[in-house]
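# Fold and geometry: a report
Chain by chain, the residues:
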Amino acid sequence: RRGPAGVRLFSAPKQRRRAVGQAIGKLTGLAVVRNRVRRRIRAAIAASNTPLNSGVYLISADVAVANMPFSELVVAVATAVAASHAKASTREVQG
């Protein structure tokens with residue numbers, strides 16, 4: 001994880017679809033805060049220019065996501081997705 005959002009990519013070479021899940025724990029806050037974080041992450045992914053490859057993405061976030069400016073959140077999510085792509089490609093090369 002780098003920053004307030006983390007992304008883990010589980011590659012599925014035989015799968016051509018992509019799925020996105022969110023892991024927002026109770027340490028993030030009450031249900032209202034967790035739901036706000038989920039909505040903001042969903043919107044940040046949609047607003048991001050970083051493409052999602054096929055596979056399963058698991059996104060985690062901390063409480064800072066609830067109140068940070070949306071433009072910063074989009075950058076944080078895009079950076080985390082790009083880092084997960086780089087890490088996944090490194091795992092594929094190492095085999």
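Notes on the structure follow.

Parameters and conventions
- Residues numbered from 1 in each chain as written.
- Predicted model: local features only at pLDDT ≥ 70, side-chain atom pairs only at ≥ 80, totals over all residues.
- Heavy atoms only, no water.
- Helix = DSSP H or I, 4+ residues; strand = E, 2+ residues; numbered from the N terminus.
- Buried < 20%, exposed > 50% of the residue type's maximum accessible area, 1.4 Å probe, protein only.
- Pairing = 2+ DSSP bridges.
- Right-handed = clockwise from strand over helix to strand, strands pointing away.
- Axes fitted to C-alpha atoms, helices over the stretch in contact; angles between N-to-C directions.

## Examining the environment of Ala 80
On the secondary structure map, Ala 80 appears in helix H2 (residues 70-94). Separated by 72 residues in the primary sequence, Ala 80 and Arg 8 place their C-alpha atoms 8.5 Å from one another.

## Some points on the pairing of strand S3 (residues 55-61)
Residues Gly 55, Tyr 57, Ile 59 and Ala 61 of S3 are buried on one face, while the alternating residues Val 56, Leu 58 and Ser 60, pointing to the opposite face, are not. As paired elements, strand S2 (residues 18-23) and S3 share 6 bridges and run parallel to each other. Across the sheet, the residue bridging to Ala 19 is Val 56, located in S3. This β-α-β element, S2 to helix H1 (residues 31-47) to S3, shows left-handed connectivity.

## Focus: the environment of Ser 11
By the secondary structure assignment, Ser 11 is in the loop between strand S1 (5-10) and S2. Overall, Ser 11 belongs to the partly exposed group, its relative accessible area being 39%. Counting along the chain gives 77 residues from Ser 11 to Ala 88, while the straight-line C-alpha distance between them is 7.2 Å.

## Side note on the sheet that holds S3
As summarised here, the arrangement of the 3 strands in space is S1-S3-S2, forming an open sheet in which the pairing is mixed. Taken across any chain shown, the strands that pair with only one partner, and hence form the sheet edges, are S1 and S2. The sheet shows a mean angle of 20° between the axes of neighbouring strands, direction not considered. Relative to S3, S1 is paired through 6 bridges, and the arrangement is antiparallel. Bridging across to S3, Gly 6 finds its partner in Ser 60.

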